[in-house]
Amino acid sequence: MSTSTSKPPAPRLATPKTAAIAARNAADVQLRGSWSLTFARLRRDPASIASIAVILLIVAFALGAPLVAAWTGHGPTEQFRETGLSPSGIPVGPSAEFLFGADQLGRDVLVRLAYGAQVSLLVGVVASIAASLIGVVVGVVAGFFGGTVDTVLSRITDLVMSVPFLLCAIALVAVLGPSLPLSIAVIVFFSWTGLARVIRGQVIALRHREFVEAARSLGAGRVSIMFRDILPNLVVPIIVYTTLMIPSAIVFEATLSFLGLGIVPPTPSWGNMLADAANGSLYLIAWWMVVVPGGALLALTLAFNLLGDGLRDALDPAASKGGKGA
C-alpha cells in the first residue's frame, strides 16, 4: 500500500494590485491611529461639539457683518436719534427695527455686535498665535540648551510675569495712544510666558530620551534635533494651550477697550459697548446694552475653554484618564 505525502501549497506571489491594496490598508491604519482617532474622540464629547457649533456661528456672524448691516440698513457707527431714542433721549429696546435694541446714541446694537465680533476674533486668534510662537521658541531653546541659556530665558520669563498688566498697558497707551496693534502687542507680551514654561518642562523631559540620543549619535545637529525630533512631540500642549489662550486674549482686549485703552470709539468692540452701558449706569434702564455684548463675550470665551478641554482629552486620552483618576 503506497502512502502519499501532501505538499504544502506554494506561497502566492504578491501582485501589483495586492501590493497597492496592502499599502492603502496600511495608510488607513496609520491615519486611523492618529488624527482620525482624535476626531472620533472629539465627536463623542457633546460639550466639544456644542463649543465648535457656537464658535462657527460667531465666526459666521462676524464674517457676515456687512450683510447684517445691509439687511438692517444700519451702519455700525450710524446714529438714528429719531427712531433709536425715545423723546426723552432713552435708547429704545428690542423691536422690529432694532432687533437687539439701540444704544445711547441711537446706534443699532446688533450691527455693532457683529462688527465687534470681528475685532474680538481678530485679536484673539492673532495674539494667541503670536504668543504661542514666542512661547514655543523660548521654551524649546531654554529646555534644550539648559545652563546659562536656560537661566537667562527663565529669568526673563519671570520678569514678564511679574510686570502688572494694567499698569504697563496704561503707560504704553499714555505714550503711544490707544490702537488695535498696540492692544495686540500688549496681549502678546503678557501671554507667552505660561506656554514657555510648559514647553521648557516638556523639552527637559524629552532631551535625554532614547530617540534624541539616537539622532545625536547619527550626527544630527542641535537645530535638527529640536525641530525634527523634539518639536513634533510637543504638538499636544501647543494646540491645547493655544486654544486656551484665545479666550484669554479676547477678555484682555475687552478689558482694555472697557477702560478706554484699546479700540478707539466709534469703532465697535464688545469692550467699549460694555463701557457705553456702564457710562452713567445706563444699563439700569437699557439692560440690552450690557446683556447682548456680555452674553456674546461669555458664550465665545466659554466655547473656546470647553473646546480646549475637549482637545486635551482627545489628543492625550491616557493623560486625561490618569488626571481624572488621581
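Owing to the predicted nature of the structure, the values given are computational and were not obtained by experimental measurement.

Bringing the overall build of the protein chain into the picture now. Counting its regular elements, the protein chain contains 14 helices and zero strands. A total of 326 residues make up the protein chain; the buried ones form 40% of that total. Long-range contacts, defined as pairs at least 24 residues apart, comprise 71% of the intrachain contacts of the protein chain with a sequence gap of at least 6. Carbon and sulfur atoms make up 68% of the accessible area of the protein chain, which amounts to about 17800 Å² in all.

On to the side chain of Asn-272, then. The topology assignment puts Asn-272 in helix 12 (residues 270-278). The class of Asn-272 is buried, set by a relative accessible area of 3%. Among the polar contacts made by the side chain of Asn-272, one reaches the main-chain amide nitrogen of Ser-269 at a distance of 3.0 Å. Among all residues touching Asn-272, those that are not within four sequence positions of it are Arg-112, Ser-257, Phe-258, Ile-263, Pro-265 and Thr-267.

Let us look at the confidence of the model for the protein chain. In this model, the protein chain carries an average pLDDT of 85, and 86% of its residues clear a pLDDT of 70 or more. Across residues 27-33 the pLDDT falls below 50, and counting only partners more than four positions away or on other chains, this stretch makes three contacts in the model.

Turning to the packing of helix 5 (residues 109-145) against helix 6 (residues 147-162), a few remarks are in order. Close contact between helix 5 and helix 6 brings their axes to 7 Å; oriented N to C, the two are set at 145 degrees. Considering only the axes of helix 5 and helix 6, their crossing is left-handed. Residues Val-138, Val-141, Ala-142 and Phe-145 of helix 5 lie in contact with helix 6, whose contacting residues are Gly-147, Val-149, Asp-150, Leu-153 and Thr-157. Of the residues in the contact of helix 5 with helix 6, the class split is six nonpolar, two polar and one charged.

Right, let's get into the packing of aromatic side chains. The tally for this structure, following the rule as stated, stands at six aromatic pairs. Taking 5.3 Å as the distance between ring centres and 90 degrees as the angle between the ring planes, the aromatic pair formed by Phe-165 and Phe-190 counts as edge-to-face. Placement of Phe-165 in helix 7 (residues 165-176) and of Phe-190 in helix 8 (residues 180-206) is noted, with a sequence separation of 25 residues between them. The burial state of Phe-165 is the same as that of Phe-190; both residues are buried. Centroid distance Trp-287 to Trp-288: 5.6 Å. Interplanar angle 80 degrees. Geometry classified as edge-to-face. With a relative accessible area of 48%, Trp-287 lands in the partly exposed category. Take Trp-288: its relative accessible area is 6%, and that puts it in the buried class. Every member of this aromatic cluster is reached through a ring pair, and the members are Phe-165, Phe-189, Phe-190 and Phe-252.

Looking at soluble globular proteins, one finds that nonpolar side chains tend to be buried together. Counting 30 residues, the largest nonpolar core has Trp-270 and Leu-300 as its most contacted members. Those elements that provide at least two residues to this core are helix 3 (46-63), helix 5, helix 11 (235-258), helix 12 and helix 13 (288-315). Per-element accounting of this core gives the leading share, 12 residues, to helix 13. Apart from residues no more than four positions distant in its own chain, Leu-300 is found in contact with Ile-58, Leu-121, Ile-250 and Trp-270. Ala-127, Leu-153, Ile-187 and Met-245 belong to the second largest nonpolar core, which has 29 residues in total.

Turning our attention to helix 10 (residues 222-230). Among the residues of helix 10, Ile-225, Met-226 and Ile-230 are the ones counted as buried. Projection of helix 10 onto a plane perpendicular to its axis shows the buried side chains occupying an angular sector of 95 degrees, all on one side. With respect to the buried face of helix 10, the exposed residues turned more than 90 degrees away are Val-223, Phe-227 and Arg-228. Elements that come into contact with the buried residues of helix 10 comprise helix 5, helix 8 and helix 9 (210-217).

Cis rather than trans, the peptide bond between Pro-265 and Pro-266 has omega equal to 10 degrees. Positionally, Pro-266 belongs in the loop between helix 11 and helix 12. Positive phi values are uncommon outside glycine, yet Ser-281 reaches one of about 55 degrees. Mapped onto the elements, Ser-281 comes out in the loop between helix 12 and helix 13. Owing to a relative accessible area of 33%, Ser-281 belongs among the partly exposed residues under this scheme.

Analysis parameters
- Residues numbered from 1 in each chain as written.
- Predicted model: local features only at pLDDT ≥ 70, side-chain atom pairs only at ≥ 80, totals over all residues.
- Heavy atoms only, no water.
- Helix = DSSP H or I, 4+ residues; strand = E, 2+ residues; numbered from the N terminus.
- Buried < 20%, exposed > 50% of the residue type's maximum accessible area, 1.4 Å probe, protein only.
- Contact = heavy atoms within 4.5 Å.
- Areas by Shrake-Rupley, 256 points an atom, 1.4 Å probe, with all protein chains shown as cover.
- Polar contact = N/O pair within 3.5 Å; in protein donor to acceptor, adjacent residues only side chain to side chain.
- pLDDT = per-residue confidence, 0-100.
- Axes fitted to C-alpha atoms, helices over the stretch in contact; angles between N-to-C directions.
- Left-handed = near helix turned anticlockwise from the far one by under 90°.
- Nonpolar A, V, L, I, M, F, W, Y, C, P; charged D, E, K, R; others polar.
- Phe/Tyr/Trp six-rings, centres within 6.5 Å; stacked < 30°, edge-to-face > 60°.
- Core = buried A, V, L, I, M, F, W, Y, C linked by side-chain atoms within 4.5 Å.
- Arc of directions from axis to C-beta.

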